[in-house]
Amino acid sequence: MTAKRIIFFLLSFIVMSLTGMMAAQAEIVEGKDYTVLSSPLPVESDAQHIEVLEFFWYGCPHCNDLHPHLGHWLKNKPADVDFRFVPAIFRNNWIPGAKIFYAMESLGLTQTLHDKVYHAIHRDKTDVSKESVLFDWVAKQGVDRDKFVGAYNSFTVQNQANRAAQLTRQYKLTGVPALVVDGKYVTSGKAGGTPQDTVSVLNQLIEKVRAERNSQQ
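Quick notes on the rules
- Residues numbered from 1 in each chain as written.
- Predicted model: local features only at pLDDT ≥ 70, side-chain atom pairs only at ≥ 80, totals over all residues.
- Heavy atoms only, no water.
- Helix = DSSP H or I, 4+ residues; strand = E, 2+ residues; numbered from the N terminus.
- Contact = heavy atoms within 4.5 Å.
- Areas by Shrake-Rupley, 256 points an atom, 1.4 Å probe, with all protein chains shown as cover.
- Expected span 1.5 Å × (residues − 1).
- Buried < 20%, exposed > 50% of the residue type's maximum accessible area, 1.4 Å probe, protein only.
- Arc of directions from axis to C-beta.
- Pairing = 2+ DSSP bridges.
- Axes fitted to C-alpha atoms, helices over the stretch in contact; angles between N-to-C directions.
- Parallel < 35°, antiparallel > 145°, perpendicular 65-115°, else oblique.
- Left-handed = near helix turned anticlockwise from the far one by under 90°.
- Nonpolar A, V, L, I, M, F, W, Y, C, P; charged D, E, K, R; others polar.

Peer 1: Explain the overall build of the protein to me, using residue names and the numbers behind them.
Peer 2: Secondary structure assignment for the protein yields 8 helices and 5 strands. Reading the secondary structure of the protein in the N-to-C direction produces α-β-β-α-β-α-α-α-α-α-β-β-α. If you take every contact in the protein between residues at least 6 apart in sequence, the share linking residues at least 24 apart comes to 71%. Here the protein displays about 12,500 Å² of accessible surface, and carbon together with sulfur accounts for 55% of that area.

Peer 1: Explain the environment of Lys147 to me, using residue names and the numbers behind them.
Peer 2: In this structure, Lys147 sits in helix H6 (residues 145–152). As a C-alpha pair, Lys147 and Leu107 span 40 residues in sequence and 8.3 Å in three-dimensional space.

Peer 1: Please set out helix H8 (residues 195–215) residue by residue, giving values where relevant.
Peer 2: Here H8 is 21 residues long and its end C-alpha atoms lie 31 Å apart, about the 30 Å a rise of 1.5 Å per residue gives. When H8 is considered as a whole, its buried residues turn out to be Thr198, Val199, Val201, Leu202, Leu205, Ile206 and Val209. Buried residues in H8, looked at end-on, bunch into an arc of 160°, giving them a common side. Opposite the buried face of H8, by more than 90 degrees, sit the exposed residues Asn214 and Ser215. The secondary structure elements touched by the buried residues of H8 are strand S2 (50–56), helix H2 (61–75), strand S3 (81–87), strand S4 (178–181) and strand S5 (185–187).

Peer 1: Any details on unusual backbone geometry? Residues and values, ideally.
Peer 2: The omega angle of the peptide bond from Val176 to Pro177 is 0°, so this bond is cis rather than trans. Summarising the element assignment, Pro177 is placed in the loop between helix H7 (155–170) and S4. Backbone geometry places Lys125, a non-glycine residue, at a positive phi of 60°. Of note in this structure, Asp182 is not a glycine but carries a positive phi near 60°.

Peer 1: Give me the lowdown on the pairing of S2, citing residues and values where you can.
Peer 2: Looking down a regular strand, the side chains alternate between one sheet face and the other. For S2, the buried fraction is high: 7 of the 7 residues fall into the buried class. Here S2 shows no split at all, with Ile50, Val52, Glu54 and Phe56 on one side and Glu51, Leu53 and Phe55 on the other all buried. In terms of strand pairing, S2 meets S3 through 7 bridges, oriented parallel. When the sheet's bridge partners are listed, Glu54 is paired in S3 with Phe85. Inspection of the sheet shows S2 paired to S4 by 4 bridges, in the antiparallel sense. Considered in S4, the bridge of Glu54 is made with Leu179.

Peer 1: An account of the packing of helix H3 (residues 95–106) against H7 is needed here, citing residue identities and associated values.
Peer 2: Following both chains from N to C, one finds H3 and H7 inclined at 125°, their axes separated by 9 Å at the closest point. When the axes of H3 and H7 are compared, the pair comes out oblique. Between H3 and H7 the crossing geometry is right-handed. In this structure, H3 uses Ala98, Lys99, Tyr102, Ala103 and Glu105 to contact H7, whose residues at the interface are Val157, Gln158, Gln160, Ala161 and Ala164. Taken together, the residues of the contact of H3 with H7 break down into 6 nonpolar, 2 polar and 2 charged.

Here's what the structure looks like:
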């Protein structure tokens, strides 16, 4: 065997070894990268789709960091995945954020304002938890102030906020952002990881659900 062939095989072996090590390091671990609910909750998606929920709070800096990465992921979301945002409620001062989201949703403004709420809070330091500040800010976005106020204070939006608080408890969440896959897998990404790591864990959990479903067929 010539020296060149020996070097070629050695380099190939090193590359394969490094690839295997990287794959092993990237593999998600139960109890570390995600948890499994002992009693999975019912999902709204049909049997052909995998439900993914993102529990968030507009005031959370980690949610703000993840948001653009999740937005990019949504643009290329797998066809068999149904995704929904759910405003988490751990304390009473998180209720305004939930009502903002559901008021926007009821008026068909989620695509228009969802990103802007994050920017208002984290970039512009606008305290949208104060209703007078919020309603003035909404009007500046070109939204009918009275319609938004009506939606924000509606019985429907209050019920949706109550439901969000109930789901926060039922999924036994300890913080946000939190991603729930198929009603049973919960993750906030790798401990100390980046937003990209969180999206990677999400993708692996989706693949895990697919594999489990295929094995049951």
